[in-house]
Amino acid sequence: MKRILLSLSFVLILSASVNAQKKSELIAEISTLKSQLDSVSNEVATAQRNEKASLAKAESFEAQALELRDANKTLMKNLNSFSQLSSQNSTNMNKAMESLNVKERQLKAINDAIASNDSTALVVLTNAKQTLGENAKIGVSNGMVVISSGLASLFGSDTGSTIAVEAEPWVQKIGQILVANPNMAVTIEGLSMTGNLDLPAQQASAISSALQRLEIAPERITAVGKDGNLKEGVLIRIHPKFDEFYKMVKENMKN
């Protein structure tokens, strides 16, 4: 009986010892699992925080990308506008340069014509001095060769309107000068001190008629009577054909 009790006691003690051992192992395993669970929970929490941060950065990057795309569109639009403006400015500049070139050519043509007239006036002056002699009253004014003569020497008196015989050689020399310079015209001015222009106009017309008899074309001749401002006499102005010069200038300006 005692043996049986001892055996039962031993079995119970052994069973209790085994159970105690399993319980401690379970507790240890539970503790380990709990530690692992805590670690995993921490990692999950960290991952969630990182995910939120990543999402925030992604949203920030996306917003920046949108801003950059908008900025790029604006820059491209401005660039196109600048390109168009630059092209328009270039076109306007070319037009302005062409206009300046045209004006320069026009001015050059006018200056060349003036220079040519000045050169011709010098030739006419030389020719007049050679023809009329050094004692003749000859000068240059505003590009015109001006030859003057008194009324008495031309008409025999201050009130005459018919060319004196003695003055015919002088008129013929004026005709020779005009024949030698066919591109020049002549203006004959009869000057009066009295204010009465009828007589000086008749005197100028008399010289005009004499020149026409010397085969000087009438369209080259202008005869007028003028107030001489305390001077009387006749002025012969040999000058370029102003109507042709004006036509040339007008044509250059128009073209």
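Preceding this section is the structure that the text describes.
Residues numbered from 1 in each chain as written. Predicted model: local features only at pLDDT ≥ 70, side-chain atom pairs only at ≥ 80, totals over all residues. Heavy atoms only, no water.

## Quick look at the overall build of the chain
Counting its regular elements, the chain contains five helices and five strands. Moving toward the C terminus, one meets the helices and strands of the chain in the order α-β-β-α-α-β-α-β-β-α. Sorting the 255 residues of the chain into buried and exposed places 24% on the buried side. Partitioning the intrachain contacts of the chain with sequence separation of at least 6 by distance along the chain shows that 74% fall at a separation of at least 24. About 18000 Å² of surface is accessible on the chain, with carbon and sulfur atoms providing 57% of the total. (Helix = DSSP H or I, 4+ residues; strand = E, 2+ residues; numbered from the N terminus. Buried < 20%, exposed > 50% of the residue type's maximum accessible area, 1.4 Å probe, protein only. Contact = heavy atoms within 4.5 Å. Areas by Shrake-Rupley, 256 points an atom, 1.4 Å probe, with all protein chains shown as cover.)

## Things to note about the pairing of strand E4 (residues 221-227)
Looking down a regular strand, the side chains alternate between one sheet face and the other. Looking at chain direction, strand E3 (residues 184-192) and E4 are connected through seven bridges and run parallel. Bridging across to E4, Ile-188 finds its partner in Ala-223. (Pairing = 2+ DSSP bridges.)

## Describing the nonpolar core
Counting 31 residues, the largest nonpolar core has Ile-147, Ile-188, Ile-207, Leu-211, Ile-236 and Ile-238 as the members making the most contacts within it. Those elements giving two or more residues to this core turn out to be helix H1 (2-132), strand E2 (144-149), helix H2 (151-155), helix H3 (168-180), E3, helix H4 (198-213) and strand E5 (233-240). What Ile-188 contacts, discounting residues up to four positions off in sequence, is Ala-204, Ile-207, Ser-208, Leu-211, Ile-221, Thr-222, Ala-223, Val-224, Val-234, Leu-235 and Ile-236. (Core = buried A, V, L, I, M, F, W, Y, C linked by side-chain atoms within 4.5 Å.)

## Some thoughts on a nonpolar patch on the surface
Together, Met-76, Leu-79 and Phe-82 make up an exposed nonpolar region whose accessible area comes to about 330 Å². With respect to the secondary-structure elements, Met-76 resides in helix H1. (Patch = residues over 30% accessible without salt bridge, like charges linked within 9 Å, V, L, I, M, F, W, Y side chains within 5 Å. Salt bridge = Lys/Arg side-chain N within 4 Å of Asp/Glu carboxyl O.)

## Here we look at the sheet that holds E3
The strand order E1-E2-E5-E3-E4 describes an open sheet built from five strands, whose pairing is mixed. In this open sheet, the two strands that pair with only one neighbour each are strand E1 (137-141) and E4. On average, adjacent strands in this sheet sit at an angle of 25° to one another, irrespective of strand direction. By the bridge criterion, five bridges tie E1 to E2 in an arrangement that is antiparallel. Following the sheet pairing, Gly-139 is matched in E2 by Val-146. Lying over the sheet, H3 contacts E2, E3 and E5, oriented at roughly 175° with respect to E2. Across the sheet, H4 touches E3, E4 and E5, and the angle it forms with E4 is around 160°. (Axes fitted to C-alpha atoms, helices over the stretch in contact; angles between N-to-C directions.)

## Observations concerning the pattern of salt bridges
Under the defined criterion, the tally for this structure stands at three salt bridges. When the shortest N-O distance is used, the salt bridge between Glu-98 and Arg-105 registers 3.5 Å. You can call Glu-98 partly exposed: its relative accessible area is 43%. Glu-189 is paired through a salt bridge with Lys-226; the nearest N and O atoms lie 3.6 Å apart. Of this pair, Glu-189 sits in strand E3 while Lys-226 sits in strand E4; the two residues are 37 residues apart in sequence, bridging distant segments of the chain.

## Considering H3
Spanning 13 residues, H3 covers 18 Å between terminal C-alpha atoms, matching the ideal 18 Å at 1.5 Å per step. The complete set of buried residues in H3 reads Trp-170, Val-171, Ile-174, Gly-175, Ile-177 and Leu-178. On an axial view of H3, the arc spanned by its buried residues comes to 155°, and they lie on one face. (Expected span 1.5 Å × (residues − 1). Arc of directions from axis to C-beta.)

## A closer look at the environment of Leu-178
Assignment of secondary structure puts Leu-178 in helix H3. The spatial distance from the C-alpha of Leu-178 to the C-alpha of Ile-238 is 8.0 Å, given a sequence separation of 60 residues. Excluding residues within four positions of it along the chain, Leu-178 makes contact with Val-186, Leu-211, Ile-216, Arg-220 and Ile-238.

## Topic: H4
Every α-helix winds through 3.6 residues per turn, so residues three or four apart in the chain are directed the same way. Taking 1.5 Å per residue, 16 residues should reach 22 Å; H4 reaches 23 Å between its end C-alpha atoms and fits that length. What H4 keeps buried is the set Pro-200, Gln-203, Ala-204, Ala-206, Ile-207, Ser-208, Ala-210 and Leu-211. Where H4 is buried, its residues meet H2, H3, E3, E4 and E5. With its phi angle positive at about 70°, Glu-215 sits one or two positions after the end of H4.

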